[in-house]
Amino acid sequence: MKQEENNEIPRAIIFDTTLRDGEQSSGFHMLPEEKLQIAKQLSKLGVDIIEAGFAISSPGDFESINQIAKEVGTPDGPIICSLARAVEEDVEAAAKAIEPAHKKRIHTFIATSQIHIEGKFKKTKEWVIEQAVKAIKKAKTYVDDVQFSCEDFGRTDKDYTVEVVTEAINAGATTINLPDTVGWLTPSECYEKVKYVIEKIREKGLDAIFSVHNHNDFGMGTATSIEAFKAGARQIECTINGIGERAGNTSMEEIVAILKERNIGKTNINTQLIGESSKLLSKITKIYPQPNKAIVGKNAFAHEAGIHQHGVQQEKKTYETMNPEDYGVKSIITFGPRSGRNALKSKFESLNINLTEDQFQTASTNFINKSDKLKEVDDADIISSINNSEIPIHHEFISYHPIHNNGNYEVEVKIKTQDGEKSETSSGNGQVDAGIKAIKKLIQKNIELQDFKVSSESPGSDSKGITKITISKNSWKVVGKSQDNDVVTSSFKAFIDAINRINFIENYFKN
Ligand code: KIV
Ligand code: ZN
């Protein structure tokens, strides 16, 4: 890839480091088969380069890069890259790990800021240049495509950066990465500094693809990366969901959306796969982005306040700057005390409930009073506001009795209904699964389980298990909640709570 120089919208090279900078960060460690799954998804997504790991860092990481190189580094697949410190053994390990890939890159780096040179290396600026040049030359004996990074460029003297980069290009580096390792620069500072280095290098008659790799310590990773792109950097390093060391790296979904929606740059990313890529990473790492995370957070396209609901009902673009479906995510209307009358009216219509104006007025007032006291509102709460009714407890959990059966689990669950006490036994892959199946037999309803979340109230083993279960029937969706010292009991109670809510809706329509 050559850095273009024309007036067209420039092409951004997307360098994904989810499997290296993302994976090395606290809590995000992935197993080799999981890394391979992510690498396959990244390839499908259309990233240009996958930084698959840091080969020398552990035998597991080496094997994983090697496997990705074999299986994902196909002729029409992405470039497979391994990180290497500016140290001979690192470069050798990186070269070996990426060997099977059709397109391969070695990414070598050394810190160039005075803070790192004095504080970490206890060496001189000249020593740093020597190490960089040696590593690049060594990498060149294995591959043509060599990337060099001036770690902590954000706090490195700009003229010294020009000196290092000049030597790096002369030694054979084809991509020069200028990372703001600790997210120090403001967007305008990043623009000026990146532009300065690129111009000085070009004045010398030298060139390379310039790259940025910015961290989010002050929440500026995406903004500084965009400014660097505007200043002439053509490669942007990023991660899915913005995972990475400390406060994370520049997030891929944000970068890709800004470049596309603001017509700043083109990428090869199939944006419709962003939602599923984010979900896959969360499923594997068990860490979900914060609800208000741009593009992929659960609230990124959720509208709850009345003014906003009214706006998007009239014209989506009022509060949606992009079409969520272009990013494989959905726009939703949620309800709470600040929701609007129009949205509530539409909600009743979508539930096939026709109310007179007077009935709607009453329901709307009831709903505001009710939802003021709730953390979350579901379809049963909305319907119950029509007559200000309580949701009756049709079924009540009494007890469960686990029966271990040759490695399989069997559980008997006893519940109380209006017809008296009933019990059923079922088997499953654990006590919860077996018990939920037993409850399903008892209540005989055609429901779909949409989400099941268990968390703890506090860190101790004496903590209460908190369960939240979302189920649906027809177009209705309800959330059952419970907490109990015993997590299994809490799960069964939450499921029964959800069933009671569905029951309430069914009875509303029957009457
Ligand atoms: O943040 C950083 O500087 C890095 C380098 C290795 C590119 O991760
Ligand atoms: Zn980094």
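Look a little higher up for the structure.
In what follows, the accompanying structure is described. No experiment lies behind these values; they were computed from the predicted model shown.

Some thoughts on the sheet that holds strand 14 (residues 448–456)
No. 1: Across the sheet, three strands lie side by side as 14-15-16; this open sheet has antiparallel pairing. Each edge of the sheet is formed by a strand with only one pairing partner; in this case those strands are strand 14 and strand 16 (476–484). Strand-to-strand twist of the sheet, defined as the mean angle between neighbouring strand axes without regard to direction, takes the value 15°.
No. 2: Examined bridge by bridge, strand 15 (residues 465–473) and strand 16 share nine bridges and lie antiparallel to one another. Among the inter-strand pairings, S472 is bridged to a residue of strand 16, identified as K477.
No. 3: Across the sheet, helix 17 (residues 487–510) touches strand 14, strand 15 and strand 16, and the angle it forms with strand 16 is around 145°.

Thoughts on the coordination of the zinc ion (ligand 2)
No. 1: Protein-derived coordination of the zinc ion (ligand 2) comes from D21 (OD), H213 (NE2) and H215 (NE2), at a distance range of 2.0 to 2.1 Å.
No. 2: Ordering the donors of the zinc ion (ligand 2) by residue number gives the pattern D-x191-H-x1-H. With D21 in helix 1 (residues 18–22) and H213 in strand 7 (residues 209–214), the pair connects residues that are 192 residues apart, well separated along the chain.
No. 3: Taking relative accessible area as the criterion, D21 reaches 3% and is therefore assigned buried.

Observations concerning helix 16 (residues 431–443)
No. 1: The terminal C-alpha atoms of helix 16, which comprises 13 residues, lie 18 Å apart, in line with the 18 Å expected from a rise of 1.5 Å per residue.
No. 2: A434, G435, I436, A438, I439, L442 and I443 are the residues of helix 16 that are buried.
No. 3: Turning to helix 16, the residues buried within the fold contact strand 12 (408–417), strand 13 (420–428), strand 14 and helix 17.
No. 4: Looking one or two places after helix 16, you find Q444, whose phi comes out positive at around 45°.

How each quantity is defined
- Per chain, residue numbering runs from 1 following the sequence as it is written.
- The lettering of chains begins at A and the numbering of ligands begins at 1, in the order of writing.
- In view of the model being predicted, local features appear only for residues whose pLDDT reaches at least 70, and side-chain atom pairs are presented and counted only at 80 or more, with totals across whole chains, interfaces and linings using the full set of residues.
- Water and hydrogen atoms were dropped before computing side-chain values, which therefore reflect all heavy atoms in the structure.
- When DSSP finds two or more bridges between a pair of strands, those strands are recorded as paired.
- Helix numbers and strand numbers start at the N terminus; a helix is a DSSP run of H or I with at least 4 residues, a strand a run of E with at least 2.
- Axis definition: a line fit to C-alpha positions, over the contact stretch in the case of helices; interaxial angles, taken between N-to-C directions, run 0 to 180 degrees.
- Contacts are assigned to residue pairs that have any heavy atoms within 4.5 Å of one another.
- Only N, O and S atoms count as donors, using a 2.8 Å cut-off from the metal and 3.2 Å for Na, K and Ca, and because water is excluded some sites may appear unfinished.
- Burial classification: accessible surface area is computed with a 1.4 Å probe over protein chains only, and a residue below 20% of its type maximum counts as buried, one above 50% as exposed, and the rest as partly exposed.
- A helix is expected to reach a length of 1.5 Å times the quantity of its residues less one.

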